[in-house]
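One-letter residues, chain by chain:
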Amino acid sequence: LKVNSAQIQRESGFISGMVIVLHDVTEEQRTNAERREFVSNVSHELRTPLTSVKSYIDALQEGAIGDSELAPQFLKVVQSETERMINMINDLLELSRMDQGTNDLALESVSLGALFNYILDRFDMIISGRKPDQKQYTIKREIPETDVWVEVDPSKFTQVLDNLINNAIKYSPDGGVITAAMVIETQEVIIAISDQGLGIPAKDLDRVFGRFFRVDKARSRAQGGTGLGLAIAKEIVEYLHGRIWVESKEGQGSTFKIALPYTLEADLEDDWGEP
Ligand code: ADP
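Treat the numbers as computed from the prediction; the structure is a model and nothing was measured. The residue numbers shown here count from 1 along each chain, following its written sequence. In view of the model being predicted, local features appear only for residues whose pLDDT reaches at least 70, and side-chain atom pairs are presented and counted only at 80 or more, with totals across whole chains, interfaces and linings using the full set of residues. Remark: hydrogens and water are excluded; side-chain values derive from all non-hydrogen atoms of the structure.

*Asks:* How should the site of the ligand be read in this particular structure?
*Replies:* For this purpose, a residue is taken to be near a molecule or strand whenever a single non-hydrogen atom of the residue falls within 4 Å of it. Lys170, Asp195, Ser220, Thr226 and Leu230 are the nearest of the 21 residues found near the ligand. We define a polar contact as two N or O atoms separated by no more than 3.5 Å, with the added condition that, inside protein, one atom must be a possible hydrogen donor and the other a possible acceptor, whereas residues neighbouring each other in sequence contribute only through side-chain atom pairs. Between an oxygen atom of the ligand and a main-chain N or O atom of valine 215, the distance comes to 2.9 Å. The protein chains hide 97% of the 530 Å² of surface that the ligand would expose on its own. Applying the majority rule of atoms within 2 Å of the grid points places the ligand in the largest pocket. Strands here mean DSSP runs of E at least two residues long; helices mean DSSP runs of H or I at least four residues long; both are numbered from the N terminus. Those elements that place two or more of their residues in the shell around the ligand are α4 (154–170), α6 (229–239) and β9 (254–261). Per-residue accessibility takes into account occlusion by the displayed protein chains alone, with areas from the Shrake-Rupley method and a 1.4 Å probe. Grid points spaced at 1 Å over the protein atoms alone were grouped into cavities, where a 1.4 Å probe fits but cannot get out, and pockets, open sets with protein on both sides within 12 Å along at least five of seven lines, with lining residues defined by an atom within 4 Å of a point. For a cavity or pocket, the test is whether more than half of a molecule's atoms lie within 2 Å of its grid points; if they do, the molecule sits there.

*Asks:* Explain unusual backbone geometry here, please?
*Replies:* Peptide bonds are trans in most cases, and residues, glycine excluded, mostly fall at negative phi. Within the chain, phenylalanine 212 stands out as a residue other than glycine whose phi angle is a positive 75°. The buried category is assigned to phenylalanine 212, whose relative accessible area is 2%. Even without glycine at this site, histidine 241 takes up a positive phi of about 65°. Mapped onto the elements of the fold, histidine 241 is located in the loop between α6 and β8 (243–248). Taking the relative accessible area as the measure of exposure, histidine 241 reaches 68% and is therefore exposed. Three exposure classes are used, based on accessible area relative to the maximum for each residue type with a 1.4 Å probe and protein chains only: buried under 20%, partly exposed in between, and exposed over 50%.

*Asks:* What is the right way to look at the sheet that holds β9 in this model?
*Replies:* Within a sheet, each strand pairs with its neighbour through backbone hydrogen bonds, oriented either parallel or antiparallel. Pairs of strands are assigned from DSSP output, requiring at least two bridges between the strands. One open sheet accounts for 5 strands, arranged β4-β6-β7-β9-β8; its pairing is mixed. Where the open sheet ends on each side, the last strands, each with one partner, are β4 (137–142) and β8. Between one strand and the next, the sheet's axes are offset by a mean angle of 15°, whatever the strand orientation. The sheet contact formed by strand β7 (residues 188–194) and β9 spans 7 bridges and is antiparallel. Within β9, the position partnered with glutamate 188 by the bridge is proline 261. Whether two residues touch is decided by their heavy atoms; if any such pair falls within 4.5 Å, the residues are in contact. Structural elements are reduced to axes, namely lines fitted to C-alpha atoms, with helices fitted over the stretch in contact, and the angle between N-to-C directions of any two is expressed from 0 to 180 degrees. Sheet contacts for α4: β4, β6 (176–184), β7, β8 and β9; angle to β9, the most-contacted strand, approximately 165°. The sheet strands contacting α6 are β8 and β9, and the helix crosses β8 at an angle near 135°.

*Asks:* How should the nonpolar core be read in this particular structure?
*Replies:* Most often, soluble globular proteins have nonpolar side chains that are buried together. Residues Phe116, Phe157 and Ile258 are the most contacted members of the largest nonpolar core, which totals 54 residues. The element that contributes the greatest number of residues to this core is α4, accounting for 7 residues. Look past the residues within four positions of isoleucine 258 in its chain and what remains in contact with it is Phe157, Val160, Leu161, Leu164, Val189, Ile190, Ile191, Val237, Arg243, Ile244 and Trp245. Nonpolar core, defined: a set of buried Ala, Val, Leu, Ile, Met, Phe, Trp, Tyr and Cys residues in which side-chain atoms within 4.5 Å join the residues together.

*Asks:* So what exactly am I meant to see when it comes to helix α1 (residues 26–61) here?
*Replies:* Each full turn of the α-helix corresponds to 3.6 residues, which orients residues three or four apart in the same direction. An expected span of 1.5 Å times one less than the residue number is assigned to each helix. Relative to the 52 Å expected for 36 residues at 1.5 Å per residue, α1 spans 52 Å between its end C-alpha atoms, a close match to the ideal helical length. Along α1, the residues classified as buried are Val42, Glu45, Leu46, Pro49, Ser52, Val53 and Leu60. Elements in contact with the buried residues of α1: α2 (70–100) and α5 (217–222). Once α1 ends, the next one or two residues include glycine 63, with phi positive near 130°.

*Asks:* How do you make sense of the side chain of lysine 257 when you look at a structure like this?
*Replies:* Looking at where lysine 257 falls in the secondary structure, it is placed in strand β9. Looking at lysine 257, its side chain comes within polar contact range of the side chain of glutamate 247, at 3.1 Å.

Limitation: the analysis is restricted to geometry and does not speak to function.
See below:
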């Protein structure tokens, strides 16, 4: 609490009262603390890959470069760590644009089932191209014939669903089944991506949408994760007036859900300039 006070003084010189302004700074302090924590997180997250890149370059310089077996291995690590840092910076820039409100989304009325099927077709294409020694998984669709219209930026919304599906794949066991469902309710339409993976502990269900939060840091890093994907997904979904959350039982998989407002007919406002 910040307290400002002033005395009310009469022309005669007598003090006849006092004004006290109480200013609640809890919120301000909380955002300041969050900002400091965020900067500290960014520094740590970048220091780890940078330190590892430096040590591999040092080793190459100290002779490993002449070793025809080690040199390509070391360069590969340097390459993938560098890629991860670029991904992280791009994610950070996107979050910062969302924070500042300068990430203008190009909203249009799209038919959700059609977009969802289109996104899933891309994943089926990837699955059909996988080699037998890679992790196997299938994606089962539960999408109704009736379609609904939602107001989204198709490319950003694709990015959100790609993220959820890629996570489901990442955390699925070999041979796992991922279910991609769309359920039309009275008020909103729900998109649900379920996997048969490790699940998420109850105490972390909200925290996974926080910046840099990862249930298992080492595991996520090893898979090239930045811990920012779900934070970005949340920003985008909320911008679209939707909600995103996860339901999970540890050891029994997770279901990530997105709820969006919908209409039964296309909103042609954007195309015709009139409601
Ligand atoms: P990351 O780059 O680490 O995947 P995300 O923001 O996408 O970052 O996810 C944050 C964390 O949430 C992950 O590190 C993981 O611990 C957890 N998580 C996300 N999706 C799943 C899932 N399908 N199953 C289990 N845990 C998940």
